[in-house]
Amino acid sequence: MARMSADERRESVIRAAMHEFARGGYYGTSTEAIAKRVGVSQPYLFRLFPNKSAIFLAAAERCLRDTRVVFAEAAEGLHGEEATLAMANAYARLIAEDPDKLQMQLQMYVTVAAAEAAGDHELGELVRKGWMELWDTIHVPLGGDVGETTTFLAYGMLINTLAAMGFPPEHRVWEGLYPSARATGRLEA
């Protein structure tokens, strides 16, 4: 079996960290758990990342980037309502197929709030920067319309909340999202 390069190992750590932080949050996740998931020692983990905060920042940045890519690919060549529906469906698939993405987003927001309250602004700056890149990724296919972009993101946050609380797709709380959601309990093309 070929030995992994430091870059490959770093990538493994980011994936493992996203999984662990998604479940336990920043404060409830140990670097030992991340190292164990990757199959490395904690000292090796700290050769790749200087501290737990740097690992969380890398996982948060990856989560935001992956979400942006999903939106960008879904909306490629589309505009307006077509782009809205394509991005909404792509996001619904993302969080259904990879629940860690949703959980990591929620953990990022909680961790940013706690860090900001403690006077640490580094994570907040990174997440806000990533959020604005996400905004821009959505904003362009929606015709540069601030109202449409805001509405799309507001629906997305509602979807995050309902999915995180475990409402099943057939529950009545999903009915007001999109016409296709009313009929099926989930978004569809």
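Here's a quick rundown of the structure. (Residues numbered from 1 in each chain as written. Predicted model: local features only at pLDDT ≥ 70, side-chain atom pairs only at ≥ 80, totals over all residues. Heavy atoms only, no water.)

1. Topic: the overall build of the chain
Assigned secondary structure in the chain consists of nine helices and zero strands. Counting from the amino terminus, the chain carries its helices and strands in the arrangement α-α-α-α-α-α-α-α-α. A compact globule built from 189 residues would reach a C-alpha radius of gyration of about 16 Å, and the chain, at 18 Å, matches this within 12%. Each principal axis of the C-alpha atoms in the chain carries an extent, and together these give about 50 × 40 × 30 Å. In the chain, which comprises 189 residues, the share counted as buried stands at 43%. At a minimum sequence separation of 6, the contacts of the chain that also span at least 24 residues come to 58%. Accessible surface, the chain as shown: approximately 10,200 Å² in total, 55% of it carbon and sulfur. With 19 positive and 25 negative side-chain charges, the chain shows a spacing of 8 Å between the two charge centroids. (Helix = DSSP H or I, 4+ residues; strand = E, 2+ residues; numbered from the N terminus. Rg over C-alpha atoms; globule rule 2.2 N^0.38 Å. Buried < 20%, exposed > 50% of the residue type's maximum accessible area, 1.4 Å probe, protein only. Contact = heavy atoms within 4.5 Å. Areas by Shrake-Rupley, 256 points an atom, 1.4 Å probe, with all protein chains shown as cover. Lys, Arg positive; Asp, Glu negative; His and termini not counted. Charge placed at Lys NZ, Arg CZ, Asp CG, Glu CD.)

2. With respect to helix α6 (residues 99-117)
Taking 1.5 Å of rise per residue, the 19 residues of α6 would be expected to cover 27 Å, and the 28 Å separating its terminal C-alpha atoms lies within 8% of that figure. Turning to α6, its buried residues number three or more, namely Asp 100, Lys 101, Leu 102, Met 104, Gln 105, Gln 107, Met 108, Thr 111, Val 112 and Ala 115. Those residues of α6 that are buried lie in contact with α1 (6-28), α4 (52-75), α5 (80-97), α7 (122-139) and α8 (146-164). Of the residues trailing α6, Gly 119 is marked for its positive phi of about 90 degrees. (Expected span 1.5 Å × (residues − 1).)

3. Observations regarding the nonpolar core
One finds Val 13, Phe 21, Ile 34, Phe 49, Ile 55 and Met 104 to be the most contacted residues of the largest nonpolar core, which totals 29 residues. For this core, the secondary-structure elements that each account for two or more residues are α1, α2 (31-38), α3 (42-48), α4, α6 and α7. In this view, Phe 21 contacts Tyr 26, Thr 29, Ile 34, Lys 52, Ile 55, Phe 56, Ala 59, Met 104 and Gln 107; residues no more than four positions away in its chain are not counted. (Core = buried A, V, L, I, M, F, W, Y, C linked by side-chain atoms within 4.5 Å.)

4. Section: the side chain of His 139
Tracing the sequence through the fold places His 139 in helix α7. Those residues within four positions of His 139 in sequence are excluded, and the remaining contacts are Gly 144, Asp 145, Val 146 and Thr 149.

5. Overview of a negative patch on the surface
On the surface, a cluster of negative charge is made up of Glu 81, Glu 82, Asp 145 and Glu 148. Turning to its location among the elements, Glu 81 is positioned in helix α5. On the basis of relative accessibility, which here comes to 57%, the residue Glu 81 falls in the exposed class. (Patch = residues over 30% accessible without salt bridge, like charges linked within 9 Å, V, L, I, M, F, W, Y side chains within 5 Å. Salt bridge = Lys/Arg side-chain N within 4 Å of Asp/Glu carboxyl O.)

6. What about the pattern of salt bridges?
All told, the structure shown has 10 salt bridges when counted by the stated rule. Note that Arg 23 and Asp 100 form a salt bridge whose closest N and O atoms lie 2.1 Å from each other. Here Asp 100 lies in helix α6 and Arg 23 lies in helix α1, a separation of 77 residues in the sequence. Note that Lys 129 is salt-bridged to Glu 133, the shortest N-O span being 2.7 Å. Highlighted residues: Lys 129 and Glu 133, both in helix α7, separated by four residues, approximately one helical turn. Given the relative accessible area of 27%, Glu 133 is considered partly exposed. Because the salt bridges share partners, they merge into one network encompassing Arg 65, Asp 66, Asp 98 and Lys 101.

7. Looking at α5
For α5, built from 18 residues, the straight-helix expectation of 26 Å at 1.5 Å per residue is met to within 8% by its first-to-last C-alpha distance of 26 Å. Within α5, the full set of buried residues consists of Ala 83, Thr 84, Ala 86, Met 87, Ala 88, Asn 89, Ala 90, Tyr 91, Leu 94 and Ile 95. The secondary structure elements touched by the buried residues of α5 are α4, α6, α7 and α8.

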